[in-house]
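Structure at a glance
For reference, the chains in residue letters:
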Amino acid sequence: MNNLTFCLTTYNNLDYIKTVIPSVRKNCYFKDAPFIVHAENCTDGTNEWLADNKYNLEYYIEKNDIEKGIGGGMDFCVDK
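A short tour of the structure in this document, coming up.

Quick notes on the rules
Residues numbered from 1 in each chain as written. Predicted model: local features only at pLDDT ≥ 70, side-chain atom pairs only at ≥ 80, totals over all residues. Heavy atoms only, no water. Phe/Tyr/Trp six-rings, centres within 6.5 Å; stacked < 30°, edge-to-face > 60°. Buried < 20%, exposed > 50% of the residue type's maximum accessible area, 1.4 Å probe, protein only. Helix = DSSP H or I, 4+ residues; strand = E, 2+ residues; numbered from the N terminus. Contact = heavy atoms within 4.5 Å. Polar contact = N/O pair within 3.5 Å; in protein donor to acceptor, adjacent residues only side chain to side chain.

Quick look at the packing of aromatic side chains
In this structure the tally under the stated criterion is three aromatic pairs. Ring centres of Y29 and F30 lie 5.0 Å apart, and the angle between their planes is 90°; on these two criteria the pair is classed as edge-to-face. Taking the relative accessible area as the measure of exposure, Y29 reaches 72% and is therefore exposed. Residue classification places F30 among the partly exposed positions, given a relative accessible area of 34%.

A few points about the environment of E62
Note on placement: E62 falls in strand β3 (residues 58-62). Using a relative accessible area of 18% as the deciding quantity, one classes E62 as buried. Distance from E62 to N47, taken between C-alpha atoms, is 9.3 Å for residues 15 residues apart in sequence. Apart from residues no more than four positions distant in its own chain, E62 is found in contact with H38, A39, E40, N41, K68 and F76.

Some points on the side chain of T46
Checked against the element boundaries, T46 lands in helix α2 (residues 46-51). Judged by its relative accessible area of 0%, T46 is buried. A distance of 2.6 Å separates a polar atom in the side chain of T46 from a polar atom in the side chain of D44. Non-local contacts of T46, meaning those with residues more than four positions away in its chain, are made with T10, N12, N13, L14, I17 and A39.

Structure representation (structure tokens):
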């Protein structure tokens, strides 16, 4: 049984997630493990890239005045 879930929170790191997500999908033993991405207030094209995802992602795009930061973003992912 697979209990693995990937969680990633990001703020304007498009180049990074373009590298990380395909690499995890390619190299992980559990290729279909859930992958949750939390994008907060991104303005660098991250939101559009996630919307056009080809990697079986569950993603959440937040636009808010109060930033959660990395800790709040990871808590958000864990709650999902």
